[in-house]
Amino acid sequence: MAQQIVSPRVRGFVCITAHPEGCAAHVREQIAYVKSRPQIKNGPKNVLVLGASTGYGLASRIAAAFGAGANTFGVYFERPSANGKTATAGWYNTAAFEAEARKAGLYAASANGDAFSTEMKNQVIERLKKEMPKIDLVVYSLAAPRRTDPKTGETFKSVLKPVGAAYSSKNLDTDRKVVNEVSLEPATEAEIAATVKVMGGEDWELWISALDEAGLLAEGCQSVAYSYIGPSVTWPIYKEGSIGQAKKDLYRAAKAIDSILKIRRGRAFVSVNKAVVTQASSAIPVVPLYISILFKVMKAKGLHEDCIEQIQRLFETQMYNGNFLNFDEAGLVHIDDLEMRDDVQKEVFEIWPKICTENLAELSDFAGYQSGFLKLFGFGLAGVDYSTPVEVEVPIA
Ligand code: NAI
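For every chain, the first residue of the written sequence is number 1, and numbering continues from 1 onward in sequence order. Confidence filtering applies because this is a predicted model: local features only for residues at pLDDT of at least 70, side-chain atom pairs given and counted only at 80 or more, and all residues used for totals across whole chains, interfaces and linings. Side-chain calculation: all heavy atoms of the structure are included, whereas hydrogens and water are not.

Things to note about the overall build of the protein chain
Here comes step 1: In terms of regular secondary structure, the protein chain is built from 12 helices and 15 strands.
Here comes step 2: C-alpha atoms of the protein chain, sized along the principal axes, occupy 60 × 50 × 45 Å.
Here comes step 3: Exposure categories follow from relative accessible area, calculated using a 1.4 Å probe and restricted to protein chains: below 20% of the type maximum is buried, above 50% is exposed, and the middle band is partly exposed. Counting the 397 residues in the protein chain, one finds 56% classified as buried.
Here comes step 4: Every residue pair with non-hydrogen atoms within 4.5 Å of one another is taken to be in contact. Taking all contacts inside the protein chain whose residues are at least 6 apart in sequence as the whole, residues at least 24 apart take part in 78%.
Here comes step 5: Where accessible areas are quoted, they stem from the Shrake-Rupley method and a 1.4 Å probe; at the residue level, only the protein chains shown are allowed to cover. Surface accessibility of the protein chain: about 16,600 Å² in total, with carbon and sulfur atoms responsible for 55%.
Here comes step 6: We treat Lys and Arg as the positive residues and Asp and Glu as the negative residues; His and chain ends play no part in the count. Positions of charges follow a simple convention, taking NZ of Lys, CZ of Arg, CG of Asp or CD of Glu. When the 44 basic and 46 acidic side-chain charges of the protein chain are each reduced to a single mean position, those positions are 3 Å apart. In DSSP terms, a helix is any run of H or I states spanning at least four residues, a strand is any run of E spanning at least two, and both are numbered starting from the N terminus.

Right, here's the structure in full:
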């Protein structure tokens, strides 16, 4: 037993504490949203989510379980509470999700560890064989800073840098609440290759091959991974940057996986999602400033969406309920349509040149960005008493 009052301790773009009851409330909020939507007919029944504990992966798990009644198996890399320290948010999210899923009579199990490793793949496969019917949806939603190649043992680190030329842009120091200028040197060839190794499609392909060889993929199995494109002002750091090169490799992998899944009338594709506040996106230069302005514009137009609304919409309007995937000319599916609407982008970029530290609160929704960030760690949720000590050692059954 380790009861304590838990407060946010933000260090740069991470919060080193997480509130167990706040994370549970955040998960329940997402479940309630999914339940407020119509049931996803013909939805997935047995789902494997890689990167299931936070952000888009957690939302995918929640939408599958509570929107379609699916059994879910989640894989993630999180730290339990130890030595009086809180667990990571993804740990508490998972504990809460699984408790809610079981209450609803749904099968939910997880494996915590390095999804890039062969050991983890083997462990998950052995458990799936025993515990679940064949998988009909594999969601690939890992966002990681490093990956050890399972064949060579070499560890690669991803970088968030431009490619080809240096890049300077307006930026937001979220810690100091200051709009400043960031200058980034271009990634070296080795850094680009390393970023592709970590965030590209190789590991997604290894998962699908391993599941396929183990005979675990159901007839009609689908697989989806997520990407971001966004507006041209972020392209040097995202779409055309080192992470963008990794995403190009993800698109390549989607085609290769699609040809495997097609044999059993399934499919694989990449969904281009909206910019949201997650642990992964808060680490990207320039993006938090863009998101703060975007939130202001989208909220004013009643268009705001977070991970759960995005994934629910992906399932409802594209993947299930008898709908067809609406591919663009590059073979990508888009649920970033509202973010990329002309009127939204026009207003964002009317604000962009004007924004500075002094008018940040007025011209952007930085307050919304900050509260969204704290919510990732279970802080600021209605109905949670943050002044009362809570048990931080929360088991995942
Ligand atoms: P996130 O940081 O919220 O989630 C990452 C997940 O990966 C967590 O469940 C974490 O435990 C897991 N993970 C990390 N390393 C792992 C490892 N070695 N083994 C097992 N699990 C591991 O990230 P977010 O933002 O949800 O990103 C997921 C995907 O969505 C990424 O491909 C990202 O590029 C994409 N995306 C994100 C957008 C955003 O605005 N946040 C926008 C569009 C796409």
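Things to note about a positive patch on the surface
Here comes step 1: Patch criteria: residues need more than 30% relative accessible area and no salt bridge. Like-charged residues are merged within 9 Å; nonpolar side chains of Val, Leu, Ile, Met, Phe, Trp and Tyr are merged within 5 Å. We define a salt bridge as a contact between a side-chain nitrogen of Lys or Arg and a carboxyl oxygen of Asp or Glu at a distance within 4 Å. A contiguous patch of positive charge, built from Arg9, Arg11, Arg79 and Lys85, is present on the exposed surface.
Here comes step 2: We classify Arg11 as partly exposed; its relative accessible area is 45%.

Description of the pairing of strand E10 (residues 167-173)
Here comes step 1: In terms of burial, E10 is largely enclosed, as 6 of its 7 residues are buried.
Here comes step 2: Judged from the 7 bridges that link them, E10 and strand E11 (residues 178-184) form a sheet pairing that is antiparallel. Each residue of the ladder has a partner; that of Ser168, found in E11, is Ser183.
Here comes step 3: Where E10 folds back on E11, the antiparallel hairpin that results is connected by 4 residues, among which Lys177 adopts a positive phi of roughly 55 degrees. When DSSP finds two or more bridges between two strands, those strands count as paired.

Here's the deal with the state of the cysteines
Here comes step 1: Disulfides are defined as pairs of cysteine sulfur atoms found within 2.5 Å of each other. Overall, the coordinates contain 0 disulfides when judged by the stated rule.
Here comes step 2: In this structure Cys23 is not part of a disulfide, and its nearest cysteine sulfur, from Cys15, lies 9.3 Å away.
Here comes step 3: The closest cysteine sulfur to the non-disulfide-bonded Cys307 is located on Cys23, 14 Å from its own sulfur.
Here comes step 4: For Cys307, a relative accessible area of 6% corresponds to the buried category.

A short note on the site of the ligand
Here comes step 1: If even one non-hydrogen atom of a residue comes within 4 Å of a molecule or strand, that residue is called near it. The environment of the ligand is made up of 30 residues, and the closest members are Ser53, Tyr56, Ala115, Lys247 and Thr278.
Here comes step 2: Ser53 is positioned such that a nitrogen or oxygen atom in its side chain is 2.6 Å from an oxygen atom of the ligand.
Here comes step 3: Contacts to the ligand include Gly113, whose backbone N or O atom sits 3.2 Å from a nitrogen atom.
Here comes step 4: Protein chains bury 93% of the 840 Å² of accessible surface belonging to the ligand in isolation.
Here comes step 5: Those elements giving two or more residues to the shell around the ligand turn out to be helix H2 (55-68) and strand E12 (217-227).
Here comes step 6: Considering only residue class, the shell around the ligand consists of 15 nonpolar, 11 polar and 4 charged. Side-chain atoms alone can form a polar contact between residues adjacent in sequence; in general such a contact is a pair of N or O atoms within 3.5 Å, and within protein one must be able to donate a hydrogen while the other accepts it. Residue classes follow a fixed rule: Ala, Val, Leu, Ile, Met, Phe, Trp, Tyr, Cys and Pro count as nonpolar, while Asp, Glu, Lys and Arg count as charged, and any other residue, Gly among them, counts as polar.

With respect to the packing of helix H5 (residues 189-199) against helix H7 (residues 242-262)
Here comes step 1: Only the contacting stretch of a helix is used when fitting its axis, a line to C-alpha atoms as for every element, and angles between N-to-C directions run 0 to 180 degrees. Following both chains from N to C, one finds H5 and H7 inclined at 50 degrees, their axes separated by 8 Å at the closest point. On the basis of the axis angle, H5 is oblique to H7. Of the two possible hands of crossing, H5 and H7 adopt the one that is right-handed. Mapping the contact onto sequence places Ile192, Thr195, Val196 and Met199 in H5 and Ser242, Ile243, Gln245, Ala246, Lys247, Asp249 and Leu250 in H7.
Here comes step 2: Among the residues forming the contact of H5 with H7, the class breakdown is 6 nonpolar, 3 polar and 2 charged. Here the angle decides the label: under 35 degrees means roughly parallel, over 145 means roughly antiparallel, 65 to 115 means roughly perpendicular, and every other value means oblique. Crossings are classed by handedness, with left-handed meaning an anticlockwise turn of the near helix from the far one by less than a right angle and right-handed meaning a clockwise turn.

A closer look at helix H1 (residues 20-36)
Here comes step 1: Here the expected span of a helix is defined as 1.5 Å times the quantity of residues minus one. The first and last C-alpha atoms of H1 sit 24 Å apart over 17 residues, in line with the 24 Å expected at 1.5 Å per residue.
Here comes step 2: Burial in H1 covers these residues: Pro20, Gly22, Cys23, Ala24, Ala25, His26, Val27, Gln30, Ile31 and Val34.

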